[in-house]
Amino acid sequence: MTPPPLLREADRAAFEAAFAVLAEAALAGAPSPTPLIPGRPGPLVLTQEGAALEDVLAEMIGEVLPRAARGDHPRAFGFTPSPASPLSRLGDLLASTFNPHAGAWPQAEGPLAVERAMIRFMADAGGFPESAGGLFLAGGSAANLTAVVAAREARLGPDDTARGVAYLSEETHVSALKALRIAGIPDARIRRVALSDNMAMEPTALAAAVETDLAAGLKPFIVIATAGSTRSGAVDPLPAIADICEPHGLWLHVDGALGGSALLSPAHRHLLAGVERADSLGWDAHKWLFQTYGCAALLVRDQETLRRAFAVGPAYLEDAAAGEGEVNAWDLGPEMTRPARALKLWLTLRVMGTQAVGSAVAHGFQLVEWAEAALGETPGWKVVSPARMATLLFRFEDCEEDERDAVNAAAARRLLDDGYASVGTARVDGRLTLRICALHPEATEDDMRETVRRLDRFAREAAEARPSSRPQRSGEPGSCAE
Ligand SMILES: Cc1ncc(COP(=O)(O)O)c(C=O)c1O
């Protein structure tokens, strides 16, 4: 029996029509930050004989995809949004349509040259030396994992692995804990360094912890610092941390999944001063560089550290050996077959220009400043952590103290149900706090003010609805501060 073609003749028209739908969807953007349809789709059956492409597309577009939140909506402020540009979507489509094998240089010289150019551009933005390099990975978690493995290989000898100690803080993203676990560093050898008042790692506590571990015969090998923490946008004091790392030979990894993008805004790049002394920097393009998911860079100050950690070179890959000046991406990280992730970022930066991308990043800083100003003018609200790296933590406090967690949670829930915007929640000192992370270049001051206005209404309604709590209308901004 002749095998069937990969696309049936009868489906060609539906295939072509799908591109018009895609173009329209990419240009229109997300209709709502929250799912358009709640709940699970109906039975998603496969049949032996298949189905018409037109029908399956209708199911996908009508039933499956509307059941997902849209982090690319201008008022998606929960989690870390992903305001992907239409250009990134186009670059993604091109990459998946031409589908280059971006593991080996001889297989994909063009796409890998683009990846090298993007890594160089980002390394230059970070102030890394000529020896720097890196690669694109699926996200910040993969970047943290790759950095931790590189650090382990560079700093711990074969007999040291059982003594290696890692340092991070309560603000560090959980993916760093996953990374350490995968790399064989147990929880007992992970130190959570105390935070200072601004939620950044306290360098004196770090220095003391390193000294204690050295005195105990352990082998401190990595500090995972953060530039733009997920919860509060805090940036750890990189120069002071580098001062502690360098004399002891600790690898300094900076998780800049969010904050790396500040390097492209001339008015904000000073926030990452000291990053040029890091051994590695993770930087997500699918957060604040306007890319669709699956696009993050890991930069290292010496590309050879990645090669030493990951290159294996089995005999059956001899045909794909890289020549002089060529880089096989599979030698620098955990993946062999990999998509050409840098293409969409290159397309976006090449078309928009780096200056426009820098101003789009700067806009995120502005958005949360507008929200903070609106909160300051709204009685009963307390800013728990100020506008930093497009992130803001705040809380309604114009109600009984023991009702506040429930009232704030209800306000966030009501805003989601309302569909106007989405905000996240986070715990700070055990208290439930609302969190806005605002990255979309098309979000406006009105969007931020109206979000605050609605949250205020929902919080007051939730407080009124609780039997034991009646708002104590004080009239003073932030007057409920503890
Ligand atoms: C600071 C930080 N690091 C790492 C990550 C993990 O990145 P990803 O979800 O792209 O794997 C995040 C995700 O929000 C983050 O905020």
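About the criteria used
Residues numbered from 1 in each chain as written. Predicted model: local features only at pLDDT ≥ 70, side-chain atom pairs only at ≥ 80, totals over all residues. Heavy atoms only, no water. UniProt positions renumbered as here; feature names shortened; annotations may be inferred. Helix = DSSP H or I, 4+ residues; strand = E, 2+ residues; numbered from the N terminus. Rg over C-alpha atoms; globule rule 2.2 N^0.38 Å. Buried < 20%, exposed > 50% of the residue type's maximum accessible area, 1.4 Å probe, protein only. Contact = heavy atoms within 4.5 Å. Areas by Shrake-Rupley, 256 points an atom, 1.4 Å probe, with all protein chains shown as cover. Near = heavy atom within 4 Å. Polar contact = N/O pair within 3.5 Å; in protein donor to acceptor, adjacent residues only side chain to side chain. Nonpolar A, V, L, I, M, F, W, Y, C, P; charged D, E, K, R; others polar. Salt bridge = Lys/Arg side-chain N within 4 Å of Asp/Glu carboxyl O. Axes fitted to C-alpha atoms, helices over the stretch in contact; angles between N-to-C directions. Left-handed = near helix turned anticlockwise from the far one by under 90°. Patch = residues over 30% accessible without salt bridge, like charges linked within 9 Å, V, L, I, M, F, W, Y side chains within 5 Å. Pairing = 2+ DSSP bridges. Parallel < 35°, antiparallel > 145°, perpendicular 65-115°, else oblique. Core = buried A, V, L, I, M, F, W, Y, C linked by side-chain atoms within 4.5 Å.

The protein appears in an unreviewed UniProt entry as Aminotransferase class V-fold PLP-dependent enzyme from Hansschlegelia quercus. Listed under Cofactor (unreviewed entry) in UniProt, the entry text for the protein is "pyridoxal 5'-phosphate".

Peer 1: Explain the overall build of the protein here, please?
Peer 2: Across its full length, the protein carries 14 helices and twelve strands. Scaling as 2.2 N^0.38, a compact globule of 482 residues should have a C-alpha radius of gyration of about 23 Å, and the protein matches this with 24 Å. Once the C-alpha set of the protein is aligned to its principal axes, its extents read approximately 75 × 70 × 45 Å. Taking all 482 residues of the protein together, 50% fall into the buried category. If you take every contact in the protein between residues at least 6 apart in sequence, the share linking residues at least 24 apart comes to 74%. Summed over its atoms, the accessible surface of the protein is roughly 21,900 Å², and 56% of this surface lies on carbon and sulfur atoms.

Peer 1: Is there a simple way to think about the site of the ligand in this case?
Peer 2: In the region of the ligand, 14 residues are neighbours, and Gly140, Ser141, Thr230, Asp255 and His286 sit closest. In this structure, His286 approaches the ligand through a side-chain N or O atom, which is 2.8 Å from an oxygen atom. For the ligand, whose unbound accessible area comes to 390 Å², protein coverage reaches 84%. Listed by contribution, the elements that provide at least two residues to the shell around the ligand are helix H5 (140-155) and helix H9 (285-288). Of all the elements, H5 adds the most residues to the shell around the ligand, at three residues. The class makeup of the residues in the shell around the ligand is one nonpolar, ten polar and three charged.

Peer 1: When you look at the UniProt feature "modified residue: N6-(pyridoxal phosphate)lysine" (unreviewed entry) in the protein in this model, what are you seeing that I'm missing?
Peer 2: In the numbering used here, UniProt assigns the "modified residue: N6-(pyridoxal phosphate)lysine" (unreviewed entry) feature to Lys287. Among the secondary structure elements, Lys287 is positioned in helix H9. Leave out the neighbours within four places in its chain, and Lys287 touches Thr80, Pro81, Ser82, Pro83, Ala257, Leu258 and Leu439. Polar contacts involving the side chain of Lys287 include one to the side chain of Asp284, which spans 2.6 Å.

Peer 1: How should I be thinking about the pattern of salt bridges in this particular structure?
Peer 2: Pairing is possible between side chains of opposite charge, provided their charged atoms come close. Tallying each qualifying case throughout the model produces 35 salt bridges. A salt bridge links Arg67 to Glu63; the shortest N-O distance between them is 3.1 Å. What makes Glu63 partly exposed here is its relative accessible area of 38%. Ionic pairing is found between Asp418 and Arg454, a salt bridge with its closest N-O pair at 2.9 Å. Residue Asp418 is found in helix H13 (residues 404-418), and its partner Arg454 is found in helix H14 (residues 445-465); the two are separated by 36 residues along the sequence. Linked through salt bridges whose partners overlap, the residues forming this network are Arg395, Glu397, Arg404, Asp405 and Arg427.

Peer 1: Just checking my understanding: could you explain the packing of helix H4 (residues 109-126) against helix H11 (residues 342-352) for this structure?
Peer 2: Think of two packed helices as two axes; the pair is described by the angle between the axes and how far apart they sit. H11 packs onto H4 with a crossing angle of 65 degrees between their chain directions and a minimal axis gap of 9 Å. The chirality of how H4 crosses H11 is left-handed. Contact residues: Pro111, Val114, Glu115, Met118, Phe121 and Met122 in H4; Ala342, Leu343, Leu345, Trp346 and Leu349 in H11. For the contact of H4 with H11, the per-class residue count stands at ten nonpolar, no polar and one charged.

Peer 1: Looking at this model, I keep getting lost on a nonpolar patch on the surface. Mind explaining?
Peer 2: Residues Leu7, Phe15, Phe19, Leu22 and Leu93 make up a contiguous nonpolar surface patch of about 400 Å² in total accessible area. The element best represented in the nonpolar patch is helix H1 (residues 12-28), accounting for three residues. Following the sequence through the fold, Leu7 ends up in the segment before H1.

Peer 1: Explain the sheet that holds strand S4 (residues 190-193) to me, please; I cannot follow it from the model alone.
Peer 2: Across a sheet, strands are paired by hydrogen bonds formed along the backbone, either parallel or antiparallel in direction. An order of S2-S8-S7-S6-S5-S3-S4 is seen for the seven strands of this open sheet, with the pairing classed as mixed. Of all the strands in the sheet, the pair left with one neighbour each is strand S2 (133-137) and S4. When strand polarity is set aside, the average angle formed by the axes of neighbouring strands in this sheet is 20 degrees.

Peer 1: Looking at this model, I keep getting lost on the packing of H5 against helix H6 (residues 174-182). Mind explaining?
Peer 2: Where H5 contacts H6, the two axes come as close as 8 Å, and the packing angle between them is 40 degrees. Judged on the interaxial angle alone, H6 and H5 are oblique. Remark: the crossing between H5 and H6 carries right-handed chirality. Two secondary-structure elements touch here, H5 through Gly140, Ser141, Asn144, Leu145 and Val148 and H6 through Ser175, Ala176, Ala179, Leu180 and Ile182. Along the lines of polarity and charge, the residues of the contact of H5 with H6 split into six nonpolar, four polar and no charged.

Peer 1: Would you mind going over the nonpolar core with me for this structure?
Peer 2: As a rule of thumb, soluble globular proteins bury nonpolar side chains together. Formed by 61 residues in total, the largest nonpolar core has its most connected members in Phe136, Tyr167, Leu206, Val223, Leu252, Trp288 and Leu345. With six residues, the top contributor of residues to this core is H4. Excluding its chain neighbours within four sequence positions, the residues that come into contact with Phe136 are Glu115, Met118, Ile119, Met122, Cys295, Ala296, Ala297, Glu335, Arg338, Arg341, Ala342 and Leu345. Trp370, Ala371, Met448 and Leu455 belong to the second-largest nonpolar core, a separate cluster that totals 31 residues.

Peer 1: Would you take a moment to explain the pairing of strand S8 (residues 296-300) for this structure?
Peer 2: Walk down a regular strand and you will see the side chains alternate between the two sheet faces. Within S8, five of the five residues are buried, which leaves it mostly tucked inside the rest of the structure. Here S8 shows two buried faces, one formed by Ala296, Leu298 and Val300 and the other by Ala297 and Leu299. Direction of pairing for strand S7 (residues 280-284) relative to S8: antiparallel, over a ladder of five bridges. When the bridges of S8 are listed, Trp283 appears paired with Ala297.

Peer 1: Could you clarify how one ought to interpret the sheet that holds strand S11 (residues 422-428) in this entry?
Peer 2: If you trace the five strands from one edge of the open sheet to the other, you get S1-S11-S12-S10-S9, paired in mixed fashion. Lying at the two open borders of the sheet, with one neighbouring strand each, are strand S1 (76-77) and strand S9 (381-388). For S11 and strand S12 (residues 431-437), the ladder comprises five bridges, and the chain directions are antiparallel. Within S12, the position partnered with Arg427 by the bridge is Leu432. Against the sheet, helix H12 (residues 354-376) engages S9, strand S10 (391-396) and S12, with an angle of about 160 degrees to S9. Sheet strands touched by H14: S1, S9, S10, S11 and S12. Its angle to S10, the strand with the most contacts, is close to 30 degrees.

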